[in-house]
Amino acid sequence: MSFANLSIRDLGKKLRARDTSSVELTRWTLNAAQAANGSLNAFIRILPDHALAQAEKADREFAAGIDRGPLHGIPYGAKDLFDVAGLPTSCHSRIGLDAVATADAAVVERLALGGAVLVGKLATYEYALYGPDAELPFPPARNPWKPAHITGGSSSGSAVAIASGILQMALGTDTGGSIRSPSSWTGTVGLKPTFGRVSRRGCFPLSSSLDHCGPLARQVEDAAIALQVLAGYDPLDTDCANLAVDDYNAGLGKPVKGLRIGIARSLLVSASEQTLGNIARIADLLRAEGAEVFDVETPPLALFGTVVRALLLIEGHHVHEGNLRRRIGDFGPLSARRLALGAGYTAIDYLACLKARRLLAEAVSAALCQCDVLLCATTAHTAPKYTPMPDPFDPAGPSMTNPFNVTGNPAISVPTGLDPTGLPMSVQLVGKLFGEAQLLQIAHAVERLSGWTDVALPARQA
Amino acid sequence: MMPNPSPAAQPFADEFDRLMQRAHLELKPEWREPMLAEFAEMRAELEAIHSFADTRESIVDLRQVITYGRIEK
């Protein structure tokens, strides 16, 4: 029996109807992960004992009438930046190989409370910074659609495990687009929640003012289910918002008639003709459903990028300062060069970046006063071919995701189809602060209208 | 022997070396040229950031979390 084509909701129905057990589902997932890992490198570490113990517990609880919610008994994976007690949090780095966590990350705790089953820790770029870099202790994850093309990152293993049909959901982090970019290039859904919506406690930081944690998923509905479990206040994360959590599934399937969609045209300056055509197609589909679609003004894309690069390098250098001084040669060359550059900024530069960031965020808020969500691109084009040492300033064109790390707004990458070469295309939707419920409603409509739900993932094509 | 930086990066070479030494970083010789080019680009980007930040003369409270006080009605 294959579980590859089922949603989290479908799997939950089977578990509750006793059509299958969490142990059976978990064994299937572990076997699929092990079989695919030789070619796709999605997992740094597969955890059969840990996973089967959690699955057996879930089955015992179901038998006793205990139901922990929609992720109960469902396998998931965690990017290897998240702490799991007793296991190393390698961050895909030589430096982290022996860094054994003493406690679970907040989101791992939440998923355990919800009965989810952790099957493994997933590949990333070194410290979520930059890649793919072949000079690391683990190989880079490969794109299941076309292995010669990169996955994007840094939540590369999370995206690959989902796109290849192994998992329905995985944890990722997003500092400049690290959930959304690999989602775009692997045909998965990537949701970066509002800054402060999901706790970052126990997640290794890259840039504390820009880091977000969130789910990657097979479908928008799966992402909504995951966010429902992940979201919430954590007093031990000082940036976590003490706000009520909405019902993220309530709007799924509701019509988009009358909703206002603003196309952020100035953020599309580097988009390919194909990407622009895809945006226009989605806009037309939404108009046909009765949504109002019009252009809105935002600041220029390049300005967001300059602010993100500076903040990321300054804060990243601060995080790694000790290891940069003592053992810089143990970093991969891409990370070492990038992190070292953080020493080239002054305190005045840093404060100017924070001020510029605030001005940019206010400008995006003004745009979001005119509409319900912004529509733009996740990536300028489909997944590029792998090159061993891409130019750090232009790995795949300017980032179209990092504006919303600057502003903290929730943003989601939604797959919308395949290009003529068979690579996934996507759009990015951006919501109001803490407006994930409406964002997911519109994302769900885009997923359905685009025809993506009829596209078979590569594992299913084989 | 350090490789010679590109002409565009040359004006920044002394400053770059001084900052890396101040940070106690032992860079591999082959990293210097690409890093210097990135440093030059970084400096140009910082000019843009400072200019943009200067467009607001009033004080901005930088201690607040980025979501604070923003209205998106």
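Here the structure is shown first, and the text comes after it.
Owing to the predicted nature of the structure, the values given are computational and were not obtained by experimental measurement.

Participant: It is not clear to me how the pattern of salt bridges should be interpreted in this structure. Could you clarify?
Facilitator: Between side chains of opposite charge, a pair can form when the charged atoms approach closely. The full count for this structure, using the stated rule, is 24 salt bridges over all chains. The salt bridge partner of Arg 200 of chain A is Asp 239 of chain A, with a shortest N-O separation of 2.8 Å. A residue pair is termed long-range when its members are at least 10 positions apart, and Arg 200 of chain A in the loop between strand 5 (189–192) and strand 6 (212–217) and Asp 239 of chain A in the loop between helix 7 (220–230) and strand 7 (260–264) qualify at 39 residues. Linking Glu 38 of chain B and Arg 338 of chain A is a salt bridge whose minimum nitrogen-to-oxygen distance equals 3.2 Å. In this pair, Glu 38 of chain B sits in helix 2 (residues 29–53) while Arg 338 of chain A sits in helix 10 (residues 333–341), so the two residues belong to two different chains. Given the relative accessible area of 3%, Glu 38 of chain B is considered buried.

Participant: Just checking my understanding: could you explain the state of the cysteines for this structure?
Facilitator: As used here, a disulfide is simply a covalent bond connecting the sulfur atoms of two cysteines. Residue and element names in this part refer to chain A. Within this structure, the stated rule accounts for zero disulfides over all chains. Unpaired in this structure, Cys 240 has its nearest cysteine sulfur neighbour in Cys 213, at a distance of 9.6 Å. What makes Cys 240 buried here is its relative accessible area of 7%.

Participant: Any chance you could explain the interface of chain A and chain B here in plain terms?
Facilitator: Frequently, the measure chosen for interface size is the accessible area removed from exposure when the parts meet. Listed as interface residues are 47 residues of chain A and, on the opposing side, 38 residues of chain B. Surface buried jointly by chain A and chain B totals about 3900 Å² across both partners, of which 67% is contributed by carbon and sulfur atoms. Here chain A and chain B share four salt bridges between them. A salt bridge links Arg 56 of chain B to Glu 362 of chain A; its shortest N-O distance comes to 2.7 Å. Seen at the junction of chain A and chain B, the total is 19 residue pairs in polar contact (both at pLDDT 80 or more). Taken together, the elements giving at least two residues each to the side of chain A that touches chain B come down to helix 9 (301–327), helix 10, helix 11 (347–368) and helix 12 (403–407) of chain A. For the side of chain A that touches chain B, the element with the most residues is helix 11 of chain A, which contributes 16 residues. Here the side of chain A that touches chain B is composed, by residue class, of 28 nonpolar, eight polar and 11 charged.

Participant: What is the right way to look at the sheet that holds strand 8 (residues 292–296) of chain A in this model?
Facilitator: What links the strands of a sheet is backbone hydrogen bonding, and the strands pair in either a parallel or an antiparallel sense. All names here are of chain A. Taken together, the 11 strands give an open sheet; going across it, the order is 1-3-2-4-6-5-10-11-9-7-8, and neighbouring strands pair in mixed fashion. Each end of this open sheet is capped by a strand with a single partner; those strands are strand 1 (43–46) and strand 8. The average undirected angle you get between the axes of adjacent strands in this sheet is 30°. When strand 10 (residues 411–418) meets strand 11 (residues 424–430), the two strands line up antiparallel, connected through seven bridges. Of the residues in strand 11, the one forming a bridge with Ile 412 is Leu 429. Across the sheet, helix 2 (residues 22–40) touches strand 1, strand 2 (75–79) and strand 3 (117–122), and the angle it forms with strand 1 is around 140°. Contacts between helix 5 (residues 156–163) and the sheet are confined to strand 1, strand 2, strand 3, strand 4 (169–174) and strand 6, with strand 4 contributing the most and set at about 155° to the helix.

Participant: What exactly am I supposed to notice about the pairing of strand 7 of chain A here?
Facilitator: Here is the key point about a regular strand: its side chains alternate between the two faces of the sheet. All names here are of chain A. Across the five residues that make up strand 7, a large majority, four, are buried. Bridging between strand 7 and strand 8 involves five bridges; their strand directions are parallel. The residue of strand 8 that forms the bridge with Gly 262 is Phe 294. Crossover strand 7 to strand 8 through helix 8 (residues 273–288) is right-handed. With three bridges joining them, strand 7 and strand 9 (residues 373–376) adopt parallel strand pairing. Among the inter-strand pairings, Gly 262 is bridged to a residue of strand 9, identified as Leu 374.

Participant: How should I be thinking about the pairing of strand 3 of chain A in this particular structure?
Facilitator: Residue and element names in this part refer to chain A. Of all the six residues making up strand 3, six are buried; the element is thus mostly covered by neighbouring parts of the structure. In this sheet, strand 3 lies alongside strand 1 in antiparallel orientation, the contact comprising three bridges. Residue pairing across strands places Arg 45 opposite Lys 121, the latter belonging to strand 3. With five bridges joining them, strand 2 and strand 3 adopt parallel strand pairing. Its bridge partner lying in strand 3, Tyr 76 is registered against Leu 118. Between the parallel elements strand 2 and strand 3, the chain passes through helix 4 (residues 106–113) in a crossover that is right-handed.

Reading guide: rules and limits
Residues numbered from 1 in each chain as written. Chains lettered and ligands numbered in written order. Predicted model: local features only at pLDDT ≥ 70, side-chain atom pairs only at ≥ 80, totals over all residues. Heavy atoms only, no water. Salt bridge = Lys/Arg side-chain N within 4 Å of Asp/Glu carboxyl O. Helix = DSSP H or I, 4+ residues; strand = E, 2+ residues; numbered from the N terminus. Buried < 20%, exposed > 50% of the residue type's maximum accessible area, 1.4 Å probe, protein only. Disulfide = S-S within 2.5 Å. Contact = heavy atoms within 4.5 Å. Buried area = accessible area lost by both parts, 1.4 Å probe. Polar contact = N/O pair within 3.5 Å; in protein donor to acceptor, adjacent residues only side chain to side chain. Nonpolar A, V, L, I, M, F, W, Y, C, P; charged D, E, K, R; others polar. Pairing = 2+ DSSP bridges. Axes fitted to C-alpha atoms, helices over the stretch in contact; angles between N-to-C directions. Right-handed = clockwise from strand over helix to strand, strands pointing away.

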